[in-house]
Amino acid sequence: MPATNFASACSAATSSGVSARPALLEGWVHSTETFGTADGPGIRYVLFLSGCPLRCQYCHNPDTWHRQDGTLTPVEDVLADIGSYRGFIRANGGVTLSGGEPLVQARFCKAVLQGCKAMGLHTALDTSGYLGNLADDELLANVDLVLLDIKAASGRRYHQLTGVELKPTIKFAEDLAAINKAVWLRYVLVPGLTDNLDEIESLATFAAGLGNVERVDVLPFHKLGEHKWRDRGLDYRLERVEPPSQELLETVRQTFRAAGLLAH
Ligand code: SF4
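Keep in mind the model is a prediction, meaning the values are calculated, not measured.

**Student:** Account for the pattern of salt bridges, naming residues and giving values.
**Tutor:** Side-chain pairing between opposite charges can occur once the charged atoms of the two side chains come close. Counted according to the given criterion, the structure contains 14 salt bridges. Across the pair K110 and E138 runs a salt bridge whose closest N-O atoms are separated by 3.5 Å. On the criterion of sequence distance, the pair formed by K110 in helix α4 (residues 106-118) and E138 in helix α5 (residues 137-141) is long-range, its members being 28 residues apart. Within this structure, D39, D126 and R186 form a network of salt bridges that share partners.

Right, here's the structure in full:
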């Protein structure tokens, strides 16, 4: 991240004997991707924030689970970096806040989103929805699109997969529908775990009934992050699971389409 005028202003104030330092809003930033094409429309600047209360069995970013996995970064630095890419992303793209679970740092998210909107950028929030109660009106007012990961359709399955309850995510989905916030639903298809067609059908019916789900992305399970589990001495339970076949992927997409949704 580039140095900011803010940082030099602080050091100037200190050297001139002014000890009071203005309150600084900082967030734990894991990493950034400057030309993302998979996390929202167009070319995205993706800000990966550290910290996540879920423990998804298929997680390919276990290196984002703890806040301290990232670097404590002033919001001004984040916005300065985003601003340096503004020319590329303003016309066709935007900024996506991802993680981890970005809403772990809701206050920081809010400030970043406000800054992005002030720069005229499209904004997306990539979330599991588990902490949706932390996304207040002010935060959502600066979000153009929510990428909502609903990781399983039944409460039992959701808990088995993530270690937490499904209910908060469903509530968040309903809250977003109530304010007609655009949502792209994401569903990771894991053979033997999230491929029950009855459960998917009930999720599709629920999603279609919301009225604000613009599209559904059915994402094939992959094992690209498996080495990160091993590196951390974590027990990776999906070692023997293979990615879904094209046929199964298509069947699941058709299940969403049959409910009237656009599915990719
Ligand atoms: S919500 Fe995302 S970051 Fe958190 S455990 Fe699940 S896949 Fe990993």
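Having seen the structure, we can now continue with the description.
**Student:** Can you tell me about the packing of aromatic side chains, naming the residues and giving the values?
**Tutor:** This structure, assessed with the given rule, holds six aromatic pairs. Aromatic pair Y45 and Y85: ring centres 5.7 Å apart, planes at 55°, arrangement tilted. Pair noted here: Y45 is in strand β2 (residues 43-49) and Y85 is in the loop between α2 (75-83) and α3 (86-89), with a separation of 40 residues, a long-range link. Its relative accessible area of 0% is what places Y45 among the buried residues.

**Student:** Describe in detail the site of the ligand, supporting the description with residues and values.
**Tutor:** What surrounds the ligand is the set C52, L54, R55, C56, C59, W65, G100 and K151. Of the residues belonging to the shell around the ligand, the class tally is five nonpolar, one polar and two charged.

**Student:** Talk me through the side chain of N142; I want residue IDs and the actual numbers.
**Tutor:** Here N142 is to be found in the loop between α5 and β6 (145-149). Those residues in contact with N142 that sit more than four places away from it in its chain are L113, Q114, K117 and T123.

**Student:** Give a description of α4 that names residues and reports values.
**Tutor:** If you check α4, its first and last C-alpha atoms are 18 Å apart, about what 13 residues at 1.5 Å a residue would give, namely 18 Å. Within the sequence span of α4, burial applies to A106, F108, C109, K110, A111, V112, L113, G115 and C116. After α4 finishes, the residue G120 shows a positive phi value of roughly 80°.

**Student:** Pulling in residues and values, what's your account of α2?
**Tutor:** Those residues of α2 not exposed but buried are V75, D77, V78, L79, D81 and I82. Turning to α2, the residues buried within the fold contact β1 (26-36), β2, β3 (71-74), α3, β4 (93-98) and α4.

**Student:** I'd like a description of the sheet that holds β2, backed by residues and values.
**Tutor:** The sheet built from eight strands is open, its strands ordered β3-β1-β2-β4-β5-β6-β7-β8 with mixed pairing. The two strands at the open ends of the sheet, each matched to only one other strand, are β3 and β8 (213-220). Between one strand and the next, the sheet's axes are offset by a mean angle of 30°, whatever the strand orientation. By the bridge criterion, seven bridges tie strand β7 (residues 183-189) to β8 in an arrangement that is parallel. By the bridge assignment, W184 is partnered in β8 with R215.

**Student:** A description of unusual backbone geometry should follow, citing residues and the corresponding values.
**Tutor:** Across the junction of G99 and G100, the peptide omega takes the value 10°, indicating a cis bond. Looking at the element boundaries, G100 is found in the loop between β4 and α4.

**Student:** Which residues make up the nonpolar core, and what are the values?
**Tutor:** Residues I82, V112, L139 and F256 are the most contacted members of the largest nonpolar core, which totals 72 residues. Setting aside residues no more than four positions away along its own chain, V112 makes contact with L47, V75, V78, L79, I82 and L97. Ranked by size, the runner-up nonpolar core spans five residues in total, among them A124, L147, A182 and W184.

About the criteria used
Residues numbered from 1 in each chain as written. Predicted model: local features only at pLDDT ≥ 70, side-chain atom pairs only at ≥ 80, totals over all residues. Heavy atoms only, no water. Salt bridge = Lys/Arg side-chain N within 4 Å of Asp/Glu carboxyl O. Helix = DSSP H or I, 4+ residues; strand = E, 2+ residues; numbered from the N terminus. Phe/Tyr/Trp six-rings, centres within 6.5 Å; stacked < 30°, edge-to-face > 60°. Buried < 20%, exposed > 50% of the residue type's maximum accessible area, 1.4 Å probe, protein only. Near = heavy atom within 4 Å. Nonpolar A, V, L, I, M, F, W, Y, C, P; charged D, E, K, R; others polar. Contact = heavy atoms within 4.5 Å. Expected span 1.5 Å × (residues − 1). Pairing = 2+ DSSP bridges. Axes fitted to C-alpha atoms, helices over the stretch in contact; angles between N-to-C directions. Core = buried A, V, L, I, M, F, W, Y, C linked by side-chain atoms within 4.5 Å.

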